[in-house]
Amino acid sequence: MKIEWKLRMAAARREVWTGVQLRRLLAEKSGLELSSASISALLTKEPNQIKLSTLIALCTALDCTPNDLFEVDTTPLKHPVALRCTTDVRHSLKGLCPCLLDQPIPMSSRLMPLRW
């Protein structure tokens, strides 16, 4: 699954071209005060996470929905990412992922058992 962040496009559709304009709009329409650095990061980078309050403020300020800010590709992966595990764990995973059983696992990436 892939998520594309489209804030810049949503802002441009409402003729908001700069971070200063977006910051002012957020403060006026939704009461959210963000730093210039935060606004810049939202416009230029794809965020790893976003607060719901920020998402709601963006939607209010730009008169849009979350669907205008995100594009979600739900196409299934052709080959899911294999788990990295120890040899002991492999025995309990037999039959789940054939590629997992065929790949050597480097010592540095082995999971260690938890000890309480």
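Structure first, text after, so check above.
Attention in this report is confined to the structure presented alongside it. (Residues numbered from 1 in each chain as written. Predicted model: local features only at pLDDT ≥ 70, side-chain atom pairs only at ≥ 80, totals over all residues. Heavy atoms only, no water.)

**Focus on the overall build of the protein chain**
Working step 1: For the protein chain, the helix and strand inventory stands at 7 helices and 2 strands.
Working step 2: Taken from N to C terminus, the helices and strands of the protein chain fall in the order β-α-α-α-α-α-β-α-α.
Working step 3: Taken across its 116 residues, the protein chain has 28% of its residues classed as buried.
Working step 4: Residue pairs in contact within the protein chain that sit at least 24 positions apart in sequence constitute 56% of those at least 6 positions apart.
Working step 5: Split by element, the accessible area of the protein chain, about 9000 Å² in all, is 57% carbon and sulfur. (Helix = DSSP H or I, 4+ residues; strand = E, 2+ residues; numbered from the N terminus. Buried < 20%, exposed > 50% of the residue type's maximum accessible area, 1.4 Å probe, protein only. Contact = heavy atoms within 4.5 Å. Areas by Shrake-Rupley, 256 points an atom, 1.4 Å probe, with all protein chains shown as cover.)

**A word on helix H4 (residues 52-62)**
Working step 1: Inspection of H4 places Thr 54, Leu 55, Ala 57, Leu 58, Cys 59, Ala 61 and Leu 62 among the buried residues, and these make up the whole buried set.
Working step 2: The inward-facing, buried residues of H4 contact strand S1 (2-5), helix H1 (7-13), helix H2 (19-30), helix H3 (36-44), helix H5 (66-69) and strand S2 (70-73).
Working step 3: Looking one or two residues beyond H4, the residue adopting positive phi is Asp 63, at roughly 50 degrees.

**Focus: the layout of surface pockets**
Working step 1: When its volume is computed, the largest pocket comes out at roughly 190 Å³.
Working step 2: If you go around the largest pocket, the residues you meet are Leu 34, Ser 38, Ala 41, Leu 42, Lys 45, Pro 47, Gln 49, Ile 50, Lys 51 and Thr 54.
Working step 3: No other element matches H3, which puts 3 residues into the lining of the largest pocket.
Working step 4: Broken down by class, the residue content of the lining of the largest pocket amounts to 5 nonpolar, 3 polar and 2 charged. (1 Å grid on protein atoms, 1.4 Å probe; cavity = no way out; pocket = protein on both sides within 12 Å on 5 of 7 lines; lining within 4 Å. Points joined across faces, edges and corners; volume = space filled by probe spheres on them. Nonpolar A, V, L, I, M, F, W, Y, C, P; charged D, E, K, R; others polar.)

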